[in-house]
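One-letter residues, chain by chain:
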Amino acid sequence: MRHIISILIENESGALSRVAGLFSARGYNIESLTVAPTEDPSLSRMTILTSGSDEVLEQITKQLNKLVDVVKVVDLSEAAHVERELMLIKVRATGKDREEMKRMADIFRGRIIDVTESTYVIELTGASSKLDSFIAALDAGLILETVRTGVCGIGRGDRILKV
Amino acid sequence: MISGAEIVIRCLQEEKVDCVFGYPGGSVLHIYDALFKQDQVKHILVRHEQAAVHAADAYSRSSQRVGVALVTSGPGVTNTVTGIATAYMDSIPMVVLTGQVPSFYIGQDAFQECDTVGITRPCVKHNFLVKDVKDLAVTIKKAFHIASTGRPGPVVVDIPKDITAQMCEFDYPKTIQMRSYNPVVKGHLGQIKKAVQILQEAKRPVIYTGGGVILSDAAEQLTKLAHKLNFPVTNTLMGLGGYPATDKQFIGMLGMHGTFEANNAMHYADVILAIGARFDDRVIGNPEHFGEEKRRVIHIDIDPSSISKRVKVDVPIVGNVPDVLEEIVKLMDGGFKTDPEVANWWRQIDEWRGRDSLRYKQSEHIMPQFVMEKLYEVTGGNAFITSDVGQHQMFAAQYYKFDKPRRWINSGGLGTMGVGLPYGMGVLMANPDAQVACVTGEGSIQMCIQELSTCKQYGFPIKIINLNNGMLGMVRQWQEMFYSKRYSQSYVTSLPDFVKLAEAYGHVGMKIEKPEDVEPALRKAFTEHKDDLVFMDFIIDPGANVFPMVAAGKGLTEMILAEDL
C-alpha cells in the first residue's frame, strides 16, 4: 500500500540523514522525499512517499517517532488529504510538434515557463498520477528532460500538523 | 569565563560522574589538561579505545548510573564503534565524548579527522556535533538526559578542538526540555485493566521478561507480581537476574539454548505476559512455527517500536516497567483470582522439568558446565559475572543462578567477543568491592587481552575463567552439527601460554587440567588471591557442546537435547 508520511523535524544539520539512514538500515522503501523549512524556521517538514504492509507502516511511524530530532509524524494517507507534485519537463518543440505541445500543456493545465526556438519547459502541478499521465500522453521521443519534486501533501480541513 | 575543556569537566562533575574511561590524543589534549587539574573525576587509561567504551558500558550495566568514555578523533572514534553498537543493541545508557579536529578544518581531510556523527549515527540513540562553545554545556546535559531516559542508549558528543579552547560562562541547566523528545512513562490505565482481565482468564500463562526489567530496576516489582500470580517465569539472556533463578517459579532461560520447560511453556502458553523483552530471533526461533499456537500476548515496554515488531500483540502497554507492574498489582487487590486450571499447567511444566535438560555427562576432562557449577558454589552466587560470546557465555547463563539484577554482564544483542575483560573493569569501577569473574574462552579473551595491562595499573582483581578447548567452540559446534564436521577456521593453533602471559603482565596465572582440581583452584583464586587478577586457564573437554539447542530456522519446541545424541 502507498502511504504518505509527513514529519515535523528539528531543522538541524544531519536531520535528513537520520531519516534517510533509518529507511535504508531497516529496509523500508522511499519512493520520494521532499524537505524544506516551515513557517517556523527551526522546524523542517518532510514528506515521504513509501509503501509497505500495515505492519511495516506501523514500524515506520514508530521508528520515525523514536528519532530524537523528530517532533511529529503522521500518515497523511490514513485520512482525507490533498497531495501535489510539481514537474518541470523540457520537450522538443519544433515544426508541427510545437503547436501540439502547447495544446497538451493547456489540456493538462500546465504552463510553459521557458521558450526557445526548439524547446519548451512546461511546469505541471498535480497528483503524481496526473504527472504520469502527462508523460504517457507525450511522444517519448520528444521528452528531453524531466524533474519532479516528489509528493507533498497536507490534511484536509481541521487535520493540522503543527507543534 | 572558563575554557570549553573546563566546561566539559564541570559538566561531568555536575552529573556526579566519578570516573571516565578513555585514551588521550591530539583533539582532546585540552580536555585531558582540564582533567589533570582536578581530582573529582577519575580517569581510567585503557589500552585500546574499544575497551574504554566496553568498560563504560559495564559501568552502566552493573549500576544505576551512566558510564562515560572519552576518546580522541579519527581512529580513537572508529575504535569505539564496536563498543557503541554493543551498548546500543542492549539499550545501555552511556555518554561517549569524542574529540574532533578544529571546526575550521572539518571536511578538509585533516589529520585524524573522521565523520564521527556520520559513522556512529546508525548505532547511537542520538549524537551531537558541538559547533559553538555556548552550546557545549547544554549539549552534554541533553546527552545525559537522552542516554538515561525512555529506552536508554548510548549518546555521542563530538567536540572540535577549537571549541575546547574557547572561553565561555559556565551555566549548567538543572533540567532540560526538548519538544522533540518526551518518552512515555505512564502506562495506559485502560490497557492495564485489560491485561489484568486476561491474566485472570489465563489457563496456561507464562511471564517472559527481558533486559527491560534490569534496565528499569523492576526486579522487585516483578518478583512481587509473579508471586502474587504464581505463574511460571522465564528470562531472556539479557533478563537473567531480573527474577531470582533459585525461586521455584523460575523455569530457566528460554530461546536457542533455553531449558526444555521454558521453551515448551513459552510455545504452548495461552497467555504470555512479556515484560521489557522483544521476541527476538534467538528467543522465539522460527516465527511461523511460533505463530502456530493461538495465544494472547500482553506486552509491557517503554519503547513502542518493540511492540508488535516481530509478534502480534493483543494488549500493548507502553510505559515504565516498574510503574506498570505496580499498577497491575494494585488492580489485583480487588478480588483477583487466577484460573484453577493453572494447577494443571504447573503439573505439565513439572513434567517438562523432569527431563532435566541441563544434565550433562562428566568425562575424564573438565566439563565447562562443571566449572560454572563450581564457580557458582565458590562465589556463593554473589559474584558479578562478565562474559564474552560463545559457548562459555551460554554455559554461564545456564549454570550460574543469578538471583539479583545487574550481576550478569554480557553482550546479548550484538554478541561482541572481547567484551568480558573490559566489562570486568567497568563493573569494578562501579562496584569496587565486588567479586568479579570474567567467563571467557581462548578465542574471545584474545580480542581485548591488552587490557590485562590496564588491570595491573589500577589493580582490578578480576578472576578470568578461561574455558579453553582450543576451538572457537560455538562455531565448532555449528560446524559439527550442520556442516558435516568441516571445521573451517575454528581451530586455534599457536595459543599463547596463558599462565606465562598473565605473569608477564604481573598477574597470577593458573592452569587447571583435571576435574578434581577445579574447585580447589577456584577457592584459591577467590581467597588467597582475592586481591589479584587471576588468569585461570581451564583446559576443558574439546567436545563439549551447549544443549538444549534450537537450530537456526527451527521452532522453539524442536529442541535438540543432550540425551538425543
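Here the structure is a predicted model, which is why all the values come from computation and not from measurement.

## A few points about the overall build of chain B
- A count of helices and strands for chain B gives 23 helices and 20 strands.
- Expressed as lengths along the three principal axes of its C-alpha atoms, the size of chain B is roughly 70 × 60 × 40 Å.
- Every one of the 565 residues in chain B was classed for burial, and the buried ones make up 56%.
- A sequence separation of at least 24 residues applies to 78% of the contacts in chain B between residues at least 6 apart.

## Details of the nonpolar core
- Counting 203 residues, the largest nonpolar core has Val-8 and Val-95 of chain B as the members making the most contacts within it.
- Here Val-8 of chain B is in contact with Ile-31, Ala-34, Leu-97, Ile-140, Ile-159 and Thr-164 of chain B, once residues within four sequence places are set aside.
- Judged by nonpolar contacts, the second largest core, of twelve residues, contains Ala-93, Ala-105, Ile-122 and Leu-131 of chain A.

## What to know about the sheet that holds strand β9 (residues 205-209) of chain B
Residues and elements named next belong to chain B.
- Ordered by their spatial adjacency, six strands build an open sheet running β11-β10-β9-β12-β13-β14, and the pairing between neighbours is parallel. Both outer strands of the open sheet, β11 (250-253) and β14 (315-318), are each paired with one neighbouring strand and no more. This sheet shows a mean twist of 15° between the axes of neighbouring strands, independent of strand direction.
- Taken together, the two bridges between strand β10 (residues 233-235) and β11 define a ladder with parallel strand orientation. Bridge pairing in β11 places Asn-235 opposite Met-253.

## Observations regarding the interface of chain B and chain A
- The interface of chain B with chain A comprises twelve residues on the first partner and 16 residues on the second.
- The class makeup of the residues in the side of chain B that touches chain A is five nonpolar, four polar and three charged.

## Quick look at the sheet that holds strand β2 (residues 32-37) of chain A
Residues and elements named next belong to chain A.
- Taken in spatial order, the four strands make up an open sheet running β2-β3-β1-β4, and their pairing is antiparallel. Pairing within the sheet leaves two strands with one partner each, and these edge strands are β2 and β4 (70-75). Adjacent strand axes in the sheet meet at a mean angle of 15° when their direction is disregarded.
- Across nine bridges, strand β1 (residues 2-10) lies against strand β3 (residues 43-51) in antiparallel orientation. Within β3, the residue paired with Ile-9 across the bridge is Ser-44.

## A word on the confidence of the model for chain B
- Per-residue pLDDT for chain B has a mean of 97; in total, 100% of the residues score no lower than 70.
- Of the two predicted TM-score estimates for the complex, the pTM is 0.96 and the ipTM is 0.93.

## A closer look at unusual backbone geometry
Residue and element names in this part refer to chain B.
- In this chain, Phe-547 is followed by Pro-548 through a cis amide linkage whose omega measures -5°.
- Position of Pro-548 relative to the elements: it lies in the segment after β20 (534-539).
- Backbone geometry places Ser-308, a non-glycine residue, at a positive phi of 60°.
- In this structure, Ser-308 sits in the loop between β13 (296-301) and β14.
- Positive phi values are uncommon outside glycine, yet Gln-489 reaches one of about 60°.
- Residue class for Gln-489 comes out exposed when judged on the 8 C-beta atoms lying within 10 Å of it.

Reading the values: the criteria
Residues numbered from 1 in each chain as written. Chains lettered and ligands numbered in written order. Predicted model: local features only at pLDDT ≥ 70, side-chain atom pairs only at ≥ 80, totals over all residues. Helix = DSSP H or I, 4+ residues; strand = E, 2+ residues; numbered from the N terminus. Buried ≥ 20, exposed ≤ 12 C-beta atoms within 10 Å, placed from the backbone. Contact = placed C-beta atoms within 7 Å. Core = buried A, V, L, I, M, F, W, Y, C linked by C-beta atoms within 7 Å. Pairing = 2+ DSSP bridges. Axes fitted to C-alpha atoms, helices over the stretch in contact; angles between N-to-C directions. Nonpolar A, V, L, I, M, F, W, Y, C, P; charged D, E, K, R; others polar. pLDDT = per-residue confidence, 0-100.

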